[in-house]
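The lines below spell out each chain.
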Amino acid sequence: MRCFKRAAEAGFVIPALSPEVLGKTFPGTQCRLLDGKLVASMMHDQCRTLVKSKPQPKLVAILAGEDPASQVYVGNKSKTFANVNFASETIRIPSSESTDASLLALVDKLNANPGVHGILVQLPLPASVNAAAITNRIAPAKDVDGFLPLHAGTLATGDFGRFLPCTPFGVMVLLAAYGIPIAGSRTVVVGRSNIVGKPMSFLAQSEDATVTMAHSRTKDLPAICREADLLIVAAGKPNLINRDFVKPGATVVDVGIHRLADGTLCGDVNANVREVAGALTPVPGGVGPLTIAMLCVNTALAAWN
Ligand code: NAD
């Protein structure tokens, strides 16, 4: 897989899954369960092994403001880093002290620190600051989220020697681990965000998929989705995709994640898709864990390549 080349050069491999795992289905269905949590844990194992003979990668996360979901995301990232024996630090800045000047000065300081390999600015930033100005200040060599316009450009032009955004990169690793064919497939990506949908479409094209992008203004979304051999959904709309959107036997990747009023989690894909899809990612335990695993990989690449 072209997008994995840089990771392979650092010693990472696409996890090899047992026949039992490859054949696992959602209970009572023929739909294979694409176990992102397991594949993520296998990437963690590789980080833990590789770091024994290499310099310890270090990530610094900037957490500005008091957004509760951001606190959870950053907390999960630092737990995973500790778990793979990578270093991480979270710098917390209250909203009252978050200004363009203070955050730019902080990013500059981290850019200049050779002991810091990766810098992550957790979004959303407080409304008082210019988020694009802050995130665009990260040095390209430390952009482990792969969000810089430079990295959007290199991805679009097929240069995989740079950082790839963690969520679509994780989806590619999951599909490769399960041997889901991408080349020649009709792939539909629902959602065109800069951090998921767009990079996802470029990665699928780089593996020779014929890609259709769908979004909130797409006409007849169900018909477009039904053309897909591979349907990747990142719309941020709970249960948007139901069984009527899915061609029998298609692979469906659900990037969405939502906490419902009763506290349970769901994705953009309705559970009834299991009745028709050939393979599907669960929520939770699908794409989410892979996003953090690929952040570990990107931080390792920042330190080692
Ligand atoms: P976003 O809001 O930036 O973009 C959503 C996209 O979906 C837009 O391009 C919009 O046009 C499209 N869309 C919205 N409603 C639609 C509809 N009814 N029909 C078709 N298209 C529609 O969102 P994002 O940042 O790309 O995230 C998408 C989802 O993925 C969210 O639920 C987010 O929480 C989740 N997410 C998960 C992970 C993870 O690690 N699992 C990472 C990033 C994002």
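This text gives an overview of the structure that appears in the document. Quick caveat, the model's predicted, so the values are computed rather than measured.

As for the sheet that holds strand E7 (residues 230-233)
Right, so step 1: In space, the six strands of this open sheet follow the order E1-E11-E8-E7-E5-E6, with parallel pairing throughout. Bordering the open sheet on either side are strand E1 (32-33) and strand E6 (210-214), each of which pairs with just one other strand.
Right, so step 2: Bridging between E1 and strand E11 (residues 279-280) involves two bridges; their strand directions are parallel. In the sheet register, leucine 33 faces E11, and the bridge partner there is leucine 280.
Right, so step 3: Along the sheet, helix H9 (residues 197-206) makes contact with strand E5 (186-190), E6 and E7, crossing E6 at roughly 170°.

Let's talk about the environment of glycine 263
Right, so step 1: In this fold, glycine 263 is placed in the loop between strand E9 (258-259) and strand E10 (265-266).
Right, so step 2: Classification of glycine 263 as partly exposed rests on a relative accessible area of 35%.
Right, so step 3: When the C-alpha atoms of glycine 263 and methionine 172 are compared, they prove to be 29 Å apart, with 91 residues separating the residues in sequence.

So, the site of the ligand
Right, so step 1: Residues in close proximity to the ligand total 21 residues, the closest being Arg192, Ser193, His215, Val255 and Thr291.
Right, so step 2: Between an oxygen atom of the ligand and a main-chain N or O atom of arginine 192, the distance comes to 2.8 Å.
Right, so step 3: Here alanine 235 contributes a backbone N or O atom positioned 3.5 Å from an oxygen atom of the ligand.
Right, so step 4: When the free accessible area of the ligand is taken as 860 Å², the share hidden by the protein chains comes to 72%.
Right, so step 5: Across the shell around the ligand, the residue classes tally to nine nonpolar, 10 polar and two charged.

So, the side chain of aspartate 268
Right, so step 1: Mapping aspartate 268 onto the fold places it in the loop between E10 and E11.
Right, so step 2: Buried and without a salt bridge, aspartate 268 has lysine 237 as its closest oppositely charged side chain, separated by 8.0 Å.
Right, so step 3: Of the polar contacts made by the side chain of aspartate 268, one reaches the side chain of histidine 258; its length is 2.6 Å.
Right, so step 4: When residues no more than four places from it in sequence are discounted, the contact partners of aspartate 268 are Val233, Ala234, Ala235, Gly236, Lys237, Pro238, Asn239, Leu240, Ile241, Asp254, Gly256 and His258.

How each quantity is defined
Residues numbered from 1 in each chain as written. Predicted model: local features only at pLDDT ≥ 70, side-chain atom pairs only at ≥ 80, totals over all residues. Heavy atoms only, no water. Pairing = 2+ DSSP bridges. Helix = DSSP H or I, 4+ residues; strand = E, 2+ residues; numbered from the N terminus. Contact = heavy atoms within 4.5 Å. Axes fitted to C-alpha atoms, helices over the stretch in contact; angles between N-to-C directions. Buried < 20%, exposed > 50% of the residue type's maximum accessible area, 1.4 Å probe, protein only. Near = heavy atom within 4 Å. Polar contact = N/O pair within 3.5 Å; in protein donor to acceptor, adjacent residues only side chain to side chain. Areas by Shrake-Rupley, 256 points an atom, 1.4 Å probe, with all protein chains shown as cover. Nonpolar A, V, L, I, M, F, W, Y, C, P; charged D, E, K, R; others polar. Lys, Arg positive; Asp, Glu negative; His and termini not counted. Salt bridge = Lys/Arg side-chain N within 4 Å of Asp/Glu carboxyl O.

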